[in-house]
Amino acid sequence: MTGKVLYCFAHPDDESFTCGGTIARFASMGRYQALYCATRGEAGKTGNPPVCTHEELGDRRALELENAARILGLNEVILRDHGDGRLHERRDELKADIRSVLDRIRPDVVITFPPSGISGHRDHQVIQQVTLDAVRETSFPTKLYYIVIPESISHFCPPNVIRTPDEYISMTVDVTLFQNVIAEALRAHRSQNISVERVFPGVLQGDFSRLRTHEYYQFVMQTDA
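Residues numbered from 1 in each chain as written. Predicted model: local features only at pLDDT ≥ 70, side-chain atom pairs only at ≥ 80, totals over all residues. Heavy atoms only, no water.

## Quick notes on helix α1 (residues 14–28)
Alright, step 1. Here α1 spans 20 Å end to end across 15 residues, near enough to the 21 Å set by a 1.5 Å rise per residue.
Alright, step 2. For α1, the principal kink sits at Gly20 and spans about 75°.
Alright, step 3. In terms of burial, α1 is a largely internal element, 12 of the 15 residues being buried.
Alright, step 4. Following α1 by one or two positions, Gly30 has its phi on the positive side, about 80°. (Helix = DSSP H or I, 4+ residues; strand = E, 2+ residues; numbered from the N terminus. Expected span 1.5 Å × (residues − 1). Bend = angle between axes of the 7 residues up to and from the residue. Buried < 20%, exposed > 50% of the residue type's maximum accessible area, 1.4 Å probe, protein only.)

## Examining the sheet that holds strand β4 (residues 109–112)
Alright, step 1. In space, the seven strands of this open sheet follow the order β3-β2-β1-β4-β5-β7-β6, with mixed pairing throughout. If you trace the sheet from one side to the other, it starts and ends with β3 (76–79) and β6 (171–174), each paired once. Across the sheet, the mean angle from the axis of one strand to that of its neighbour is 25°, orientation sign disregarded.
Alright, step 2. Sheet topology places strand β2 (residues 33–37) next to β3; four bridges connect them, and they run parallel. Across the sheet, Leu35 pairs through a bridge with Val77, a residue of β3.
Alright, step 3. Along the sheet, α1 contacts β1 (5–9), β2, β5 (143–148), β6 and β7 (214–222); its crossing angle with β1, the most-contacted strand, is approximately 170°. (Pairing = 2+ DSSP bridges. Axes fitted to C-alpha atoms, helices over the stretch in contact; angles between N-to-C directions. Contact = heavy atoms within 4.5 Å.)

## Some points on helix α2 (residues 57–72)
Alright, step 1. The terminal C-alpha atoms of α2, which comprises 16 residues, lie 22 Å apart, in line with the 22 Å expected from a rise of 1.5 Å per residue.
Alright, step 2. Packing partners of the buried residues in α2 comprise α1, β2, β3 and α5 (179–188).
Alright, step 3. The first or second residue beyond α2 is Gly73, which carries a positive phi of 95°.

## What to know about the environment of Ile23
Alright, step 1. Mapped onto the elements, Ile23 comes out in helix α1.
Alright, step 2. A sequence separation of 50 residues divides Ile23 from Gly73, and the C-alpha atoms of the two residues are 7.0 Å apart.
Alright, step 3. Not counting residues within four places of it along the chain, the set of residues in contact with Ile23 comprises Tyr7, Glu15, Gln33, Leu72 and Leu74.

## A short note on unusual backbone geometry
Alright, step 1. Pro49 follows Asn48 through a cis peptide bond whose omega is 0°.
Alright, step 2. Not every positive phi belongs to a glycine, and Arg106 is a case in point at roughly 50°.
Alright, step 3. Turning to its location among the elements, Arg106 is positioned in the loop between α3 (91–105) and β4.
Alright, step 4. For Ile118, which is not a glycine, the phi torsion comes out positive at approximately 65°.
Alright, step 5. Structurally, Ile118 is set in the loop between β4 and α4 (122–136).
Alright, step 6. Ile118 gets classed as buried once you look at its relative accessible area, which sits at 10%.

## Description of the side chain of Gln128
Alright, step 1. Along the polypeptide, Gln128 turns up in helix α4.
Alright, step 2. Its relative accessible area of 4% is what places Gln128 among the buried residues.
Alright, step 3. Residues within four places of Gln128 in sequence aside, it is in contact with Thr112, Phe113, Pro114, Pro115 and Tyr146.

## Here we look at the side chain of Arg61
Alright, step 1. Position of Arg61 relative to the elements: it lies in helix α2.
Alright, step 2. The exposure class assigned to Arg61 is buried, which follows from its relative accessible area of 3%.
Alright, step 3. Leave out the neighbours within four places in its chain, and Arg61 touches His11, Pro12, Asp13, Arg40, Gly41, Gly44, Ser191 and Gln192.

Here it is as structure tokens:
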């Protein structure tokens, strides 16, 4: 995987939960990386204990994303407000927006969720669908990958995580040296500490035993434009 990378996700924190190690590793190599985030995450939880009111959550999560992006080494964050939990209502607008970002950045690689959304979240599934459609319409060569969880590491995952058969894994990124960066980025999403602790028990207290050492990708397509 070479050149510019564009990550397309639905919510602030998706980047840290899924491929923060890859982002940190590529940043250490000097690769240009941009993140497209479709919503401000205003429909989520406010933390335990709460760090803000529900009315303040969108602004709070925007700041948390800014901090996590700095920690991971992203070059650019494109944060939109397409409506947390409502992406299915704005598919055409969302696809056109992603198309415009693709045309401006012209990434060599695009990374998004698999069709399952990993957790089954409808916003995750919609961002996958519209990203795939947008990539298909690009006027330049690019490759699309899904960030996935292989079945062989299912014992590390919460029961609601949707796995991908190992035979579909086409690329593995060793992120062992960047576990501390992943953990710091996860900590930056303070309002989501309940989810962080559920998915990565102990990581907020410095225990990396349940934190991934590798991140896995499924190759989807390459445009020949």
